[in-house]
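Survey of secondary and tertiary structure
Chain residues, written in single-letter form:
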Amino acid sequence: MATTELFTDPADLEKLRKPLTPEQADKLPHIHRLLLGYYGQPKPRELWDPLTQLIYSLLSSRTKTPVSHQVMRDLERAFHAGPSNWEPVRDASVAEIERAIAIVTFPEQKAPQLKETLMGITARYGSLTLDFLAKYRTDKIRQWLEQFPGVGSKTSGAVVNFSVLRRRALCVDSHHLRVAQRLCLVPRADAATTEERLMRLVPETWDAAMLDEHHSLIKLHAQTLCTFAEPKCGICPLLNICPTGQRDVATLKLT
Ligand code: SF4
């Protein structure tokens, strides 16, 4: 696939600060409508407490969704743990945790990160829960979460948006990043900056559930048609508005 040409000039950042034109303001809603028409309504999410969501998000990075759900069941079974009772995982050794989460990618990195994070929460709050975060502003919650190892903007975004905290945030994972960059929605940047820039395009009327639905559609699209290695641009419902797809389809026709 050809390299995506994206905004890289600092002058483009200036453009991003200007009020949106009606066309810009309808970009994400238009994409959302097209994906909804193609894939249908995503299944509603079961909302977990923030600590359970944090554990899931830490373990699920670069891991397929069914495997991530299985590893949560494995953890619960191995340590007789679960929502409101993650202490047995915190108190287990890194080697025991690593054995229990062996099916995810990079268990040797995730096991010490998980233990350190669970111990860190206990040390800072006095007990192992994140329910107290509900009384804080979203930016404060994310800042607090991001002090722990392995917790970046993607994970903190998932915790505040997908859990019962249900705050306005966009979880920009590698799937979301790839699709947003191929659609040239934002300049090429890391997940935190991409989220900040995408949020400028999000209508004010979109609440937390709508942002979750948007993320789910983009992720589904990234896993189905806009895949990493072989995007199926020829049958993509977004082809008419995707500069990368149009260029690649045109190149293929010429060669
Ligand atoms: S046209 Fe191709 S690159 Fe663009 S969003 Fe669709 S699959 Fe992805």
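Sequence positions are assigned chain by chain, starting from 1 and proceeding in written order. Two thresholds apply to this predicted model, a pLDDT of at least 70 for residue-level local features and 80 or more for giving and counting side-chain atom pairs, whereas whole-chain, interface and lining totals are computed over all residues.

**Focus on the site of the ligand**
Under the convention used in this document: Throughout this description, a residue near a molecule or strand is one whose C-beta atom, derived from the backbone, lies within 6 Å of it. Put simply, DSSP marks the helices as runs of H or I at least four residues long and the strands as runs of E at least two long, and each gets a number from the N terminus on. Charged means Asp, Glu, Lys or Arg here, nonpolar means Ala, Val, Leu, Ile, Met, Phe, Trp, Tyr, Cys or Pro, and polar covers whatever is left, Gly included.
Around the ligand, the structure places 14 residues, and the nearest of them are Cys226, Cys233, Cys236, Cys242 and Gly245. Among the elements of the structure, helix H11 (174-182) and helix H14 (243-254) are those that each provide at least two residues to the shell around the ligand. By residue class, the composition of the shell around the ligand is 10 nonpolar, 2 polar and 2 charged.

**Here we look at the packing of helix H9 (residues 138-145) against helix H10 (residues 153-162)**
Quick note on the threshold: Structural elements are reduced to axes, namely lines fitted to C-alpha atoms, with helices fitted over the stretch in contact, and the angle between N-to-C directions of any two is expressed from 0 to 180 degrees. Comment on the angle field: the value is read as roughly parallel under 35 degrees, roughly antiparallel over 145, roughly perpendicular from 65 to 115, and oblique elsewhere. Crossing handedness: left-handed means the near helix sits turned counterclockwise from the far one by under a right angle, and right-handed means the same turn made clockwise. Here the contact rule is simple: place C-beta atoms from the backbone, and any two residues whose C-beta atoms are within 7 Å are in contact.
Between H9 and H10, the least distance of the axes is 9 Å, while the angle of their chain directions is 135°. As judged from the angle between their axes, H9 and H10 are oblique. Of the two possible hands of crossing, H9 and H10 adopt the one that is right-handed. Residues Thr138, Ile141, Arg142 and Leu145 of H9 form the contact with H10, whose participating residues are Ser156, Val159 and Val160. In terms of residue class, the contact of H9 with H10 is made up of 4 nonpolar, 2 polar and 1 charged.

**Describing the domain arrangement of the protein**
Selection rule: Start and end positions for the domains come from either an automated domain assignment or a database one.
Domain annotation for the protein reports domain 1 (10-43 + 170-254) and domain 2 (50-162). Using only C-alpha atoms to locate each centre, domain 1 and domain 2 end up separated by 28 Å. The partner domain 2 presents 7 residues to the 10 residues of domain 1 that form the contact. Contributing elements (two or more residues each) for the side of domain 1 that touches domain 2: helix H12 (191-201) and helix H13 (208-224). A class-by-class count of the residues in the side of domain 1 that touches domain 2 yields 7 nonpolar, no polar and 3 charged.

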